[in-house]
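# Structural description and commentary
Residues per chain, in single letters:
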Amino acid sequence: MIKKIGVLTSGGDAPGMNAAIRAVVRSGIARGIEVYGIYDGYKGLVEGHIVKMERSSVSDIMIRGGTILGTARLPEFKDPKVVLEGKKMLESFGIEAVVCIGGDGTYRGALALTNVGINCIGLPGTIDNDISSTDQTIGFDTALNTVIEAIDKLRDTSASHHRCSVIEVMGNHCGDIALYSGISSGAEIIISPEKGYDEAEILERLNELDVKRNKRHAIVVISEKMTDAELLAKKISENTGFSGRATVLGHIQRGGSPSAYDRVLATRMGDKAVEILVNGEGGKCVGIRGNEIVYYDIEEALNMTKKSRKSLYELQERLI
Ligand code: F6P
């Protein structure tokens, strides 16, 4: 029976990571396991920034955004020598297994460690919702709520001035934040990696909304890395009846107290991770399908393709 496990957060922080840490710590302790907090992701693991946690170490953290363990990106963890250094460090603490919370880079690190004999479980912690082995990642729901609060405010001022608000949201190479925030705020146009970027079509659509539909304002939600939002707003001013304004929401999307949904999701997933480790398994990652907590081999998960969002894009367009 496993006696000591570690928990770390890696990659971009996400609201709900703390709830997942709390669940791992308390679920481990409840099963008679010692739990160690590994600070600053794989960087802290290699450097030995590791501290034993008690039940009280995670009191009152559920409601807090960010991650109490800190996080970092360590590209060097792709190097097998660095992975072995990590394994040695864990062994020096007697840690036999680790729960790694983060995105797919975090999963790759967890798999590399498992392959050298340290059982690891990946939990999907990222606002981007870009992990195919789960319907929803920890942090996505909270980020969405933050985004729609901002869009609702921008709508008020846009409508007052006959403006078009171009709102850039995060998501890395995944359009889910743009799509879901666009649907939930009634955005006129959503631009995302899945949807593609056709400037002429966007300008034509806005002209149609202005002239034929007599719209007082328009909301364009655009995923980061598609184009320069300021430039698009300028083109909108020059080529349509709307005056364009750009707002880049940036890191505000990553902060804040997690939503109830993210807290419950993180809690269920954290507990499941410990259960899998207790059963002697490693190299797995936890997800949610429907309302069921499931898990897969990390290798299989990394090769999964994301479910198409085509029907959701069509739905949004039908309703505008
Ligand atoms: O993965 C989360 C995320 O916020 C992405 O949406 C974004 O592209 C990236 O991280 C930003 O990274 P950083 O905080 O390092 O600038």
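Counting restarts for each chain, with residues numbered from 1 along the sequence as it is written. Reporting in this predicted model follows two pLDDT cut-offs: at least 70 for local features of residues, and 80 or more for side-chain atom pairs to be given and counted; totals over whole chains, interfaces and linings ignore these cut-offs and use all residues. Excluded from the side-chain calculation are hydrogens and water; included are all heavy atoms of the structure.

Regarding its fold elements, the chain presents eleven helices and eleven strands. In terms of C-alpha radius of gyration, the chain reaches 22 Å, essentially the compact-globule figure of 20 Å for 320 residues. If one aligns the C-alpha atoms of the chain with their principal axes, the spans along those axes are about 70 × 35 × 35 Å. Within the chain, the proportion of its 320 residues that are buried is 53%. Long-range contacts, defined as pairs at least 24 residues apart, comprise 74% of the intrachain contacts of the chain with a sequence gap of at least 6. Element-wise, carbon and sulfur atoms account for 50% of the exposed surface of the chain, whose accessible area totals about 13,700 Å². When the 39 positive and 43 negative side-chain charges of the chain are each reduced to one mean point, those points stand 3 Å apart. The helix and strand labels rest on DSSP assignments: H or I over at least four residues marks a helix, E over at least two residues marks a strand, and numbering proceeds from the N terminus. Each radius of gyration reported is based on C-alpha atoms, and the globular scaling rule is 2.2 Å times the count of residues to the power 0.38. Whether a residue is buried, partly exposed or exposed follows from its accessible area with a 1.4 Å probe, protein chains only, as a fraction of its type maximum: under 20%, in between, or over 50%, in that order. Contact criterion: two residues are considered in contact whenever any of their non-hydrogen atoms come within 4.5 Å of each other. Exposure was quantified through the Shrake-Rupley algorithm and a 1.4 Å probe, taking into account, for residues, occlusion by the shown protein chains and nothing else. All tallies of charge rest on Lys and Arg as positive and Asp and Glu as negative; His and the ends of each chain are not included. Every charge is mapped onto a representative atom, which is NZ of Lys, CZ of Arg, CG of Asp or CD of Glu.

To continue, consider the site of the ligand. Proximity is defined per residue: if any heavy atom of the residue lies within 4 Å of a molecule or strand, that residue is considered near it. As a matter of local geometry, the ligand sits amid Arg-73, Thr-126, Asp-128, Met-170, Gly-171, Asn-172, Glu-224, Lys-225, His-251 and Arg-254. Pairing of N or O atoms within 3.5 Å defines a polar contact, subject to two protein rules: one partner must be a possible hydrogen donor and the other a possible acceptor, and residues neighboring in sequence count only if both atoms are side-chain atoms. Note that an oxygen atom of the ligand is positioned 2.6 Å from one of the side-chain N or O atoms of Arg-73. Glu-224 places a side-chain nitrogen or oxygen 2.5 Å from an oxygen atom of the ligand. Computed on the free molecule, the ligand has an accessible area of 400 Å², of which 73% lies beneath the protein chains in the complex. Side-chain classes follow a simple rule in which Ala, Val, Leu, Ile, Met, Phe, Trp, Tyr, Cys and Pro form the nonpolar group, Asp, Glu, Lys and Arg form the charged group, and the remainder, Gly included, forms the polar group. When grouped by side-chain class, the residues that make up the shell around the ligand number one nonpolar, four polar and five charged. Mapping the shell around the ligand onto the domain boundaries places at least three of its residues in each of domain 1 (4-139 + 258-302) and domain 2 (143-255). Domain start and stop points were drawn from an automatic or database domain assignment.

This paragraph deals with the domain arrangement of the chain. Interfaces are often sized by the amount of accessible area the parts lose when they come together. According to the domain assignment, the chain consists of domain 1 (4-139 + 258-302) and domain 2 (143-255). Across the contact, nine residues belong to domain 1 and eleven residues belong to domain 2. For the pair domain 1 and domain 2, the summed buried area comes to about 830 Å², and 50% of that belongs to carbon and sulfur atoms. The buried area of a pairing is the accessible area, by a 1.4 Å probe, that goes missing from both parts when the two are put together, added over both. Of all residues in domain 1, Asp-13, Ile-127 and Asp-128 bury the most surface against domain 2, accounting for 54% of the area lost on that side. Basic side-chain nitrogens of Lys or Arg form a salt bridge, by our definition, when they fall within 4 Å of a carboxyl oxygen of Asp or Glu. Put simply, domain 1 and domain 2 have one salt bridge between them. Here Asp-13 and Arg-254 are joined by a salt bridge, their closest N and O atoms 2.7 Å apart. Looking at the side of domain 1 that touches domain 2 residue by residue, the class counts come to two nonpolar, four polar and three charged.

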